[in-house]
Amino acid sequence: MTIQMLHTPDGVRDIYRDEYDRKHVLEERIDQTMKSFGYHPIQTPTFEYFDIFGSEIGTTPSQDLYKFLDRDGNTLALRPDFTPSIARCAAKYYMDDNIPVRFCYNGSTFTNSSSYQGYLRETTQSGAEMIGDGSVSADAEMIALIVEILRSAGLHEFQVSVGHVDFLKGLFEVSHLGEEVEEKIRTLLLNRNFYGVEDLIASSGLNDDLIWLFGLLKDVMLTKDKLQEAGKRAEAYPMISAALRRLEQLEDLLRVYGVEQYVFYEMAMVPKLHYYTGIIFSAYTFGSGEAVVKGGRYDNLLSAFGKSAPAIGFAVVIENLLNALQRQNIRIPCEDDTIWIVYCPERQADAIAEAKKMRENGESVELMLLDETNTKDIYQRYAEQYRVSEIRFYTGEEA
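Remember, it's a predicted structure, so these values are computed and weren't measured experimentally.

About the thresholds
Residues numbered from 1 in each chain as written. Predicted model: local features only at pLDDT ≥ 70, side-chain atom pairs only at ≥ 80, totals over all residues. Heavy atoms only, no water. Axes fitted to C-alpha atoms, helices over the stretch in contact; angles between N-to-C directions. Helix = DSSP H or I, 4+ residues; strand = E, 2+ residues; numbered from the N terminus. Parallel < 35°, antiparallel > 145°, perpendicular 65-115°, else oblique. Left-handed = near helix turned anticlockwise from the far one by under 90°. Contact = heavy atoms within 4.5 Å. Nonpolar A, V, L, I, M, F, W, Y, C, P; charged D, E, K, R; others polar. 1 Å grid on protein atoms, 1.4 Å probe; cavity = no way out; pocket = protein on both sides within 12 Å on 5 of 7 lines; lining within 4 Å. Points joined across faces, edges and corners; volume = space filled by probe spheres on them. Salt bridge = Lys/Arg side-chain N within 4 Å of Asp/Glu carboxyl O. Buried < 20%, exposed > 50% of the residue type's maximum accessible area, 1.4 Å probe, protein only. Pairing = 2+ DSSP bridges. Core = buried A, V, L, I, M, F, W, Y, C linked by side-chain atoms within 4.5 Å.

Draft legend 1. Looking closely at the packing of helix H7 (residues 208-215) against helix H8 (residues 224-233). Look at H7 against H8: their axes get within 10 Å of each other, and the N-to-C directions meet at 150°. Accordingly, the angle class assigned to the pair H7 and H8 is roughly antiparallel. Read as a crossing pair, H7 and H8 show a hand that is left-handed. Of H8, the residues touching H7 (which contributes Asp 208, Asp 209, Trp 212 and Leu 213) are Lys 226, Glu 229, Ala 230 and Arg 233. Here the contact of H7 with H8 is composed, by residue class, of three nonpolar, no polar and five charged.

Have a look at this one:
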């Protein structure tokens, strides 16, 4: 056996013992919170036909997908995110439904990108999708659900940054800057270089209102008052005005949910996935340089699968959230109530009978044949290391 066989490829890792227990408890908390909002579990395949995630859908670039062929020569791909798969399911199984349907999920996603140096290529996501509701009420529910999930995880300090795809799109539409300048601005925004955007716009010859609206891009915590002022300055620009009005309506509903203190408005948000059509959002907290939650509205995606329906969803990146919790010293309680029964060969029948009775009473029992090279102290030390709640020895005539 070579040393290489003991290691995992770049971008994937083993998760075991305490870390796995913490992850499992966190996933259960998230799942329970989503179910409390009426979201129903769905499981989609780990891989699908390549076209499900193709460029026409607006998802991950082809070069960043793990692709392979099946025996019939079809190109398949490991899922890079869940949304296209769930959109396909909704179109297939709920084609004629005219009421909203809510899904929740948990599983691995795979991204094969060299730009993810130092990051995991297999990550776990838990998320929710609402299909068939294009209202601002659905937007508010999603953000309220995100807040409740992060609270249930144990976080106290976090923020949900909310933007709208049509704000920047509308600015470009009325400014006529040209594709080259627009792409420069997108790149500058992705790099958080707001002053670079300001310099570009200052020499563009735009009117005062448009320059002022472009100036909002450098404000990462817009207040409701500023949103209202922006709405007045954007009255002549329908797409921009509608986006700002939607965010004002959203703010009003978030106050009803009582979560407005966690939400900030950031017009500079640029989605990496091209299927987003309306509000977009990301949640951040201390201890994670990456978003712990990301999502948005994708009202046109289902039409690629033959169903016309609005939709909105998000994904919690479990690894990012776990890292943040650990760095904030927020403990996820993982109690192991397993009992060890260590037995010698002569007491095997007694040990099995006792374990059977205990399991029938709902207890977790691990049977362990005594290794005579180990003392009781050694077993006790292992039990402490593995957080075993109790250890019993069946090594004499009596237990």
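What follows continues from the structure just given.
Draft legend 2. Molecular detail of the packing of H8 against helix H9 (residues 238-257). It is the contact of H8 with H9, at a shortest axis distance of 9 Å, that shows an interaxial angle of 150°. The orientation of H8 relative to H9 falls into the category roughly antiparallel. Judged by the twist between their axes, the crossing of H8 over H9 is left-handed. Counting all contacts with H8, which are made through Lys 224, Leu 227, Gln 228, Ala 230 and Gly 231, the residues of H9 involved are Leu 244, Leu 247, Glu 248, Glu 251 and Asp 252.

Draft legend 3. Highlighting the layout of surface pockets. Of the pockets and cavities examined, the second largest pocket occupies roughly 210 Å³. Residue lining of the second largest pocket: 16 residues in total, with Ile 42, Gln 43, Tyr 105, Asn 106 and Gly 107 positioned closest to the centre. Breaking the lining of the second largest pocket down by element, the ones donating at least two residues are helix H1 (17-36) and strand E5 (101-110). Among the residues forming the lining of the second largest pocket, the class breakdown is seven nonpolar, six polar and three charged.

Draft legend 4. Main features of the pattern of salt bridges. Using the criterion set out here, one finds 23 salt bridges in the structure. Salt-bridge contacts for Asp 31 lead to Lys 35; the nearest nitrogen and oxygen are separated by 3.1 Å. Placement of both Asp 31 and Lys 35 in helix H1 is noted, with a separation of four residues, approximately one turn of the helix. On the basis of relative accessible area, Asp 31 is assigned to the partly exposed category, the value being 25%. Relative accessible area serves as the criterion here: at 38%, Lys 35 is assigned to the partly exposed category. The salt bridge partner of Glu 390 is Arg 392, with a shortest N-O separation of 2.8 Å. With a relative accessible area of 26%, Arg 392 lands in the partly exposed category. Linked through salt bridges whose partners overlap, the residues forming this network are Asp 139, Arg 246, Arg 297 and Asp 299.

Draft legend 5. Structural context of the sheet that holds strand E12 (residues 339-343). Ordered in space as E13-E12-E14, the three strands form an open sheet in which the pairing is parallel. Strand pairing shows two members of the sheet lacking a second neighbour, strand E13 (365-369) and strand E14 (390-394), which therefore form its edges. Going from strand to strand, the sheet's axes swing by 20° on average, the running direction of each strand aside. Sheet analysis places E12 next to E13, joined by five bridges and oriented parallel. Bridge pairing in E13 places Trp 340 opposite Glu 366. Contacting E12, E13 and E14, helix H12 (residues 376-385) crosses the sheet at an angle of about 155° to E14.

Draft legend 6. The pairing of strand E11 (residues 311-317), seen in detail. For E11, a buried count of seven out of seven residues is recorded, marking the element as mostly surrounded by other parts of the structure. Side-chain alternation along E11 places Ala 311, Gly 313, Ala 315 and Val 317 on one buried face and Ile 312, Phe 314 and Val 316 on a second face that is also buried. Looking at chain direction, strand E6 (residues 122-131) and E11 are connected through seven bridges and run antiparallel. Directly across from Met 130, in E11, lies its bridge partner Ile 312. Sheet topology places strand E10 (residues 293-297) next to E11; five bridges connect them, and they run antiparallel. Paired with Arg 297 across the two strands is Ile 312, which belongs to E11.

Draft legend 7. The environment of Phe 264, seen in detail. In this structure, Phe 264 sits in strand E8 (residues 263-265). A residue is classified by how much of its surface remains accessible, and Phe 264, at 22% relative accessible area, is partly exposed. Measuring from C-alpha to C-alpha, the distance between Phe 264 and Lys 356 comes to 55 Å, with 92 residues separating the pair along the chain. Residues contacting Phe 264, with those up to four places away along its chain left out, are Gln 159, Val 160, Ser 161, Val 162, Val 220 and Met 221.

Draft legend 8. Looking closely at the nonpolar core. Ranked by size, the top nonpolar core spans 72 residues in total, and within it Leu 250, Phe 314 and Leu 321 carry the most contacts. The greatest single-element share of this core, amounting to twelve residues, is contributed by helix H3 (residues 136-153). Judged by nonpolar contacts, the second largest core, of 28 residues, contains Ile 86, Leu 301, Phe 305 and Ala 311.

Draft legend 9. Spatial organisation of the pairing of E5. Of all the ten residues making up E5, eight are buried; the element is thus mostly covered by neighbouring parts of the structure. With two bridges connecting them, strand E1 (residues 40-41) and E5 associate as parallel partners. Among the inter-strand pairings, Pro 41 is bridged to a residue of E5, identified as Cys 104. Of the strand pairs in this sheet, E5 and E6 are connected by ten bridges, and their pairing is antiparallel. Note that in E6 the partner of Arg 102 across the bridge is Met 130.

Draft legend 10. Representation of unusual backbone geometry within the structure. Its identity is not glycine, yet Arg 192 carries a phi of approximately 60°, on the positive side. Counting through the fold element by element, Arg 192 comes out in the loop between helix H5 (179-190) and helix H6 (194-202). The residue Arg 387 is not glycine, and still its phi comes out positive at about 60°. Along the chain, Arg 387 turns up in the loop between H12 and E14. Judged by its relative accessible area of 25%, Arg 387 falls in the partly exposed class.

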